[in-house]
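Coordinate analysis (summary)
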Amino acid sequence: MAVSAPTRSLAAVRSHEVRIDASKPLRAEPHTGHNRWHPDIPAVLRVDPGDRVALETRDALDGQVTARSSTEDVSKVNLNVVHPLTGPVYVNGAEPGDVLEVKILKVEPAPFGFTVQIPGFGFLRDEFPDPFIVRWRIADGVAESADLSGIRVQGAPFPGTIGLAPSRSLMQAITKREQELLDRGGFVLPPEPIDAVPGDGRLAAEALRTIPPRETAGNVDIKQLCAGTTLLIPVQVDGALFSVGDAHFAQGDGEICGTAIEMQSVFHAQFFLRKGEAARRNQHDVAYFRDTYAQPPELAVPRRYYATTGLSIEKGGLNQSENATLAARNAMLNMIDHIQERGFSRQQAYAICSVAVDLKINELVDVPNFVVSAVLPLDIFV
């Protein structure tokens, strides 16, 4: 069994852990986690408020990419297994209307990470139809790769996917609104029972995919959720049912190619409850806070950088009104052009943007054109 018995410290704080065999996919160890959201997925662990947990996590693609993987392998990736999460963890006393306070203590990185470009996926998927891979060596707080010679990325590891189970009513509302969006031509991944864990037919047929973030968090990809940050999530079901996975060693704000520096990890956290706070404050979305720098100041706000900008104007000259997505797209395309001037290929530049370049919204008021900047920290070049 993957779940250990709790132990009590001198300070009366109990510690728990869930271990996995990272050489095996989630389907081989379904008692350790899941890859869909559903309120009826049974908990793998029970804890009390104040307890600490250490949860081993698989990478976002469930072990499909290794140090020996090739570009051809990337083109065959099965997205149905994304994301294998460790959990759920049942927090005793948690009820709908509460806020679960998740104090992130540490995210231990694995020695291998990867960044991939999967055909049909990513912010600029129309511009980058071909597969691509960067295999990273992670050691001493930095990631380097022979696939991106001359680049060294300092990390602040964090979970890309972290959240709670939705209530049945919220799950049904999400399914309805996402189906309506799909019917309008939106890019949506509806419930898919193939490769779902748990494989129970009823759960698999209606459980939500883990790709998008939602009201109870999920695939938020907020790189500030590293050690020292506290995440506040509104509780929808008894026990909260907390799960985590999809760890990133480093990421640019935007994660535009669809992946950061993906890795396995050990996630350490402590849980607290704020009874009734979500109901009192009418809180429907996650919040987070910290009291120290998420990274050293020279990394959080690069001392040396080059920035490109984008406006709400199509390359052909058509002016769109108040379109932040178009402005972000233009800023990143301009940054990719700039990085190519430094001697990198276009796909290498796209990968660098995903793991190290931050998108910043500069203004949303000067109609019709919004301004978005893409900020490249120059200290990654060695």
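Residues numbered from 1 in each chain as written. Predicted model: local features only at pLDDT ≥ 70, side-chain atom pairs only at ≥ 80, totals over all residues. Heavy atoms only, no water.

Side note on a nonpolar patch on the surface
Let me state the cut-off plainly: Patch rule: a residue counts if its relative accessible area is over 30% and it has no salt bridge; like charges are joined within 9 Å, and nonpolar side chains (Val, Leu, Ile, Met, Phe, Trp, Tyr) within 5 Å. Only the protein chains shown count as cover for residues, and the accessible areas themselves come from Shrake-Rupley with a 1.4 Å probe. The salt bridge definition used is simple: a Lys or Arg side-chain nitrogen within 4 Å of an Asp or Glu carboxyl oxygen. Helix numbers and strand numbers start at the N terminus; a helix is a DSSP run of H or I with at least 4 residues, a strand a run of E with at least 2.
A cluster of nonpolar side chains, Ile361, Leu364 and Val365, forms an exposed patch at the surface whose accessible area comes to about 300 Å². Following the sequence through the fold, Val365 ends up in the loop between strand 21 (358–363) and strand 22 (371–377).

Focus: helix 7 (residues 346–356)
To keep things clear, this is the line we draw: Accessibility here uses a 1.4 Å probe with only protein chains present; expressed as a share of the type maximum, an area under 20% marks a residue as buried, one over 50% as exposed, and anything in between as partly exposed. Pairs of residues are marked as contacts when any of their non-hydrogen atoms sit within 4.5 Å.
The buried count for helix 7 comes to nine of 11 residues, which makes it a mostly enclosed element. Along helix 7, the positions that sit buried rather than exposed are Gln348, Ala349, Tyr350, Ala351, Ile352, Cys353, Ser354, Val355 and Ala356. Next to the buried residues of helix 7 lie strand 8 (112–117), strand 9 (132–139), strand 11 (152–154), helix 6 (324–340), strand 21 and strand 22.

A word on the environment of Asn282
With respect to the helices, strands and loops of the structure, Asn282 is situated in the loop between helix 4 (277–281) and strand 19 (287–289). By relative accessible area, which is 54% here, Asn282 ends up exposed.

Overview of the packing of aromatic side chains
Definition in use: Side-chain rings of Phe, Tyr and Trp (the six-membered ring for Trp) are treated as a pair once their centres are within 6.5 Å; stacked means planes under 30 degrees apart, edge-to-face means over 60, and tilted covers the remaining angles. A positively charged side chain is recorded as over a ring if its NZ (Lys) or CZ (Arg) lies within 6 Å of the ring centre. The angle to the ring normal must also be within 35 degrees.
Taken as a whole, this structure holds five aromatic pairs when the rule is applied. Ring centres of Phe344 and Phe381 lie 6.1 Å apart, and the angle between their planes is 45 degrees; this geometry places the pair in the tilted category. Of this pair, Phe344 sits in the loop between helix 6 and helix 7 while Phe381 is found in the segment after strand 22, placing the two residues 37 residues apart along the sequence. Taken as a pair, Phe344 and Phe381 share a single burial class, namely buried. Among the aromatic side chains, those forming a connected cluster through ring pairs are Phe242, Phe267 and Phe271. Positioned above the aromatic ring of Tyr90, the side-chain terminus of Arg46 is 3.9 Å from the ring centre. The ring of Phe381 has Arg342 lying over it, and the distance from NZ or CZ to the ring centre is 3.8 Å.

Considering the pattern of salt bridges
When the charged atoms of two side chains with opposite charge come close together, those side chains can pair. Using the criterion set out here, one finds 28 salt bridges in the structure. Note that Asp358 and Lys223 form a salt bridge whose closest N and O atoms lie 2.7 Å from each other. Taken together, the residues span a long stretch of sequence, with Asp358 in strand 21 and Lys223 in the loop between strand 14 (217–218) and strand 15 (230–234) at a distance of 135 residues. Residue classification places Lys223 among the buried residues on the basis of a relative accessible area of 14%. Note that Asp379 and Arg304 form a salt bridge whose closest N and O atoms lie 2.5 Å from each other.

Re the environment of Tyr305
By secondary structure assignment, the location of Tyr305 is in strand 20 (residues 305–311). With 58 residues separating them along the chain, Tyr305 and Glu363 place their C-alpha atoms 20 Å apart. Ignoring anything within four residues of it in the chain, the contact list for Tyr305 reads Val375, Leu376, Pro377 and Leu378.

By themselves these figures say nothing about function.
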